[in-house]
Amino acid sequence: MSVAYAYKVIRTLNKELEERGFIVLQGRVDRRFFHEKMYATKDEGRDGSYAGV
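Residues numbered from 1 in each chain as written. Predicted model: local features only at pLDDT ≥ 70, side-chain atom pairs only at ≥ 80, totals over all residues. Heavy atoms only, no water.

Enquirer: Looking at this structure, how should I read helix α1 (residues 3-19)?
Expert: For an α-helix the count is 3.6 residues per turn, leaving residues at separations of three or four pointing the same way. The first and last C-alpha atoms of α1 sit 25 Å apart over 17 residues, in line with the 24 Å expected at 1.5 Å per residue. For α1, the complete set of buried residues consists of Val9, Ile10, Leu13, Asn14 and Leu17. Along the axis of α1, the buried residues cluster in a sector spanning 135°; they form a single face. Structural note: α1 exposes Ala4, Arg11, Lys15 and Glu19 on the side pointing more than 90 degrees away from its buried face. In this fold, the buried residues of α1 make contact with α2 (31-39). Trailing α1 by a residue or two, Gly21 shows a phi angle of about 95°, which is positive. (Helix = DSSP H or I, 4+ residues; strand = E, 2+ residues; numbered from the N terminus. Expected span 1.5 Å × (residues − 1). Buried < 20%, exposed > 50% of the residue type's maximum accessible area, 1.4 Å probe, protein only. Arc of directions from axis to C-beta. Contact = heavy atoms within 4.5 Å.)

Set out below in structure tokens:
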């Protein structure tokens, strides 16, 4: 993946987070949210509850 494409993905994810009402920082995205979107995984806590964004 090129750097330009990686930033494009980050911009897309940040736009989605903004639409959900979250405050975003340009060029950064929450790791759990990234993994959920890119790898279709969910981060589960120790008690099995979802700890996502």
